[in-house]
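Read off the chains here:
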Amino acid sequence: MKEKNTLLLLTLAATLPAAQAQTGKWPEKPVRMIVAYAPGGGTDIIARIIAPRLSQEFGQQFVVDNRGGAGGMIGTEIMVRADPDGYTVSLVASSYATSPVLYKLPYDPVKGIAPISMTDMGPFVFAVNPSLKAANVQEFIALARAKPGSLNYGSSGTGGTLHLAGELFGQMTGTQSVHVPYKGTGPAVIDLIGGQIQFIFANGPSVLPHVKAGKLRAIAVTTQRRSPVMPDLPTVSESVPGYLATSWHGMVAPAGTPKAIVSRLNQSLARVLKLPNLQEVLHSQGLEPTHSTPDEFGRMIAEDIARWSKVMKKK
C-alpha cells in the first residue's frame with residue numbers, strides 16, 4: 001500500500017508542472033465571450049465595454065459572440081456545454097437568476113458554471129407615463145389601489161427580472177396591475193411613452209434619456225440605497241420596506257474551468273473595473289462597477305434564484 005501511495009504521489013508530481021505550464025500559457029488564442037441576447041441590449045453594451053479592456057490585459061482578443069433566443073437560455077447552454085478550457089466565457093445578466101424560476105432548463109444554473117466575478121450593479125428605474133397622476137411611490141400605490149387592474153406595466157418578457165420586479169411590487173403593496181410582455185425593453189419603453197402602458201421597471205440606459213427629455217417620469221429606484229448616479233430619486237423601499245430588485249452583470253465560465261484561469265480573469269476584471277474611462281461609461285448607464293470573488297458571485301446567483309422562486313410561488 002505504501003508503495004502504491006508513493007507511486008501515486010510521484011505521478012501527480014510529474015503531471016503538475018505540465019498542467020501549470022499549460023495554464024500559465026493561457027490564453028494562446030482569442031477567447032469567446034458569449035452574450036445570450038441580441039446586439040444592442042444592456043448586456044451586449046456592457047460586454048463590448050469590457051471585452052477590449054480584457055484584450056489589452058491578456059494580449060489576445062476577447063470576441064463578443066451574440067447567441068440570443070429563448071430568454072437567454074440558448075446562449076447560456078452553449079457556454080455551459082463548451083470545453084472548460086478558458087476559451088469560452090459569458091457575460092450574464094440578473095435575468096440569469098430568473099429563468100430557473102419559470103422554465104425547466106437544459107443545464108444547472110448553479111453547478112453548471114464557474115463564477116468569475118460580478119462586473120456591475122445598479123437599480124431598475126420605476127418610471128411612469130407623465131400623464132399618470134402619481135409623482136411618487138405612495139401616490140402610485142394609492143392610485144393602483146383605487147383602480148385595481150386598470151394599470152398596465154411592460155417588461156422585456158415573461159419571467160424576466162423586469163416582470164418579476166413588477167410582480168414583487170404588486171405582492172408587497174397589495175396592488176393589482178396587468179403585466180404586458182414585450183420582445184425586449186425597447187418596445188416596452190416606446191409603448192410607455194405612447195401611453196399604451198402606464199409604468200415600467202427598467203434599467204437606466206433604457207429610460208433615463210427619455211426621463212431627461214420629459215417623455216417619462218422617474219419616481220424611484222429599486223435598490224436598498226439611493227443610487228450615487230441618481231441621488232435625487234428615492235428608493236421604492238423608502239415607501240415599501242424590504243423591496244429590492246437589482247440589475248447586475250457578471251462573468252462566468254463552464255464548470256470545470258481551471259481555477260488558475262478563473263483567478264487570472266477575476267484579478268484582471270478587478271483592474272479593468274477601476275479604469276476611470278470604463279467607470280465613466282458604466283456611470284453613464286446608471287451602473288456601479290462592482291467586483292467580487294468567484295465564491296461571492298456564486299452565492300449571489302443562488303440567493304437570487306431562491307428569492308425570485310419565492311415570488312413566483314406566491315403568484
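Remember, it's a predicted structure, so these values are computed and weren't measured experimentally. (Residues numbered from 1 in each chain as written. Predicted model: local features only at pLDDT ≥ 70, side-chain atom pairs only at ≥ 80, totals over all residues. Heavy atoms only, no water.)

This next bit is on the packing of aromatic side chains. Evaluation of the coordinates by the stated rule reveals 15 aromatic pairs. Ring geometry for F199 and F201: centres 6.2 Å apart, planes at 80°, overall edge-to-face. You'll find F199 and F201 in the same group, each marked buried. Centre to centre, the rings of W248 and F297 are 5.6 Å apart; their planes meet at 90°, and the pair counts as edge-to-face. Linking W248 in strand β9 (residues 246-254) with F297 in helix α11 (residues 294-313), this pair joins segments that are 49 residues apart in sequence. Residue F297 is classed as buried on the basis of its relative accessible area of 0%. Members of the aromatic cluster, joined through ring pairs, are F126, F140, Y153, F169, F199, F201 and Y243. Sitting over the ring of Y87, K29 keeps its end group 4.7 Å from the ring centre. (Phe/Tyr/Trp six-rings, centres within 6.5 Å; stacked < 30°, edge-to-face > 60°. Buried < 20%, exposed > 50% of the residue type's maximum accessible area, 1.4 Å probe, protein only. Helix = DSSP H or I, 4+ residues; strand = E, 2+ residues; numbered from the N terminus. Lys NZ or Arg CZ within 6 Å of the ring centre and 35° of its normal.)

With that settled, the discussion passes to helix α9 (residues 259-272). Between the first and last C-alpha of α9 there are 20 Å, a value that for 14 residues agrees with the 20 Å anticipated at 1.5 Å per step. Those residues of α9 not exposed but buried are I261, V262, L265, N266, S268, L269, A270 and V272. (Expected span 1.5 Å × (residues − 1).)

With 15 of 16 residues buried, strand β4 (residues 113-128) is to be regarded as a mostly interior element. In this sheet, strand β10 (residues 288-289) lies alongside β4 in antiparallel orientation, the contact comprising 2 bridges. Note that in β10 the partner of M121 across the bridge is E288. Pairing of β4 with strand β8 (residues 217-221) involves 4 bridges; the strand directions are antiparallel. (Pairing = 2+ DSSP bridges.)

On to the environment of L102, then. Tracing the chain through its elements places L102 in helix α4 (residues 99-102). By relative accessible area, L102 is classed as partly exposed at 34%. Not counting the four nearest positions on each side in its chain, L102 is found in contact with T158, G159 and M312. (Contact = heavy atoms within 4.5 Å.)

Here α11 is 20 residues long and its end C-alpha atoms lie 29 Å apart, about the 28 Å a rise of 1.5 Å per residue gives. Those residues of α11 that sit buried are F297, G298, M300, I301, D304, I305, W308, V311 and M312. Along α11, the residues classed as buried sweep out an arc of 160° about the axis, all on the same side. Turned more than 90 degrees away from the buried face of α11 sit D295, E303, K310 and K313, all of them exposed. Against β3 (88-93), α4, β4, α6 (161-173) and β9 lie the buried residues of α11. (Arc of directions from axis to C-beta.)

Core analysis: the biggest nonpolar cluster contains 29 residues, and M33, L54 and F62 have the highest contact counts within it. Put simply, the parts of the chain that give this core at least two residues each are β1 (31-35), α2 (42-58), β2 (62-66), β3, β4, β9, α9 and α10 (276-284). Take this core: its biggest share by element is 7 residues, from α2. With near-sequence residues (within four places) excluded, L54 lies in contact with M33, Q60, F62, M251, S268, L269 and V272. A144, L168, W308 and V311 belong to the second largest nonpolar core, which has 28 residues in total. (Core = buried A, V, L, I, M, F, W, Y, C linked by side-chain atoms within 4.5 Å.)

Taken N-terminus to C-terminus, the directions of α2 and α9 make an angle of 115°; their axes are 10 Å apart at the nearest point. For α2 against α9, the interelement crossing comes out right-handed. Across the interface between the two elements, I50, R53, L54, E57 and F58 from α2 touch R264, L265, S268, L269, R271 and V272 from α9. Looking at the contact of α2 with α9, its residues break down into 6 nonpolar, 1 polar and 4 charged. (Axes fitted to C-alpha atoms, helices over the stretch in contact; angles between N-to-C directions. Left-handed = near helix turned anticlockwise from the far one by under 90°. Nonpolar A, V, L, I, M, F, W, Y, C, P; charged D, E, K, R; others polar.)

Summarising the element assignment, T175 is placed in the loop between α6 and β6 (178-181). Taking relative accessible area as the criterion, T175 reaches 9% and is therefore assigned buried. Reaching out from T175, the side chain makes a polar contact with the side chain of T173 at a distance of 2.8 Å. Apart from residues no more than four positions distant in its own chain, T175 is found in contact with I141, A144, R145, F169 and G170. (Polar contact = N/O pair within 3.5 Å; in protein donor to acceptor, adjacent residues only side chain to side chain.)

Attention now moves to the confidence of the model for the protein. Looking at the protein, the pLDDT average stands at 89 and 91% of residues meet or exceed 70. Mean pLDDT across the elements of the protein ranges from a minimum in helix α1 (residues 2-25), with 49, to a maximum in α9, with 98. Every residue in residues 4-22 scores below 50 in pLDDT, and together they form 0 contacts with partners more than four places removed in sequence or on other chains. (pLDDT = per-residue confidence, 0-100.)

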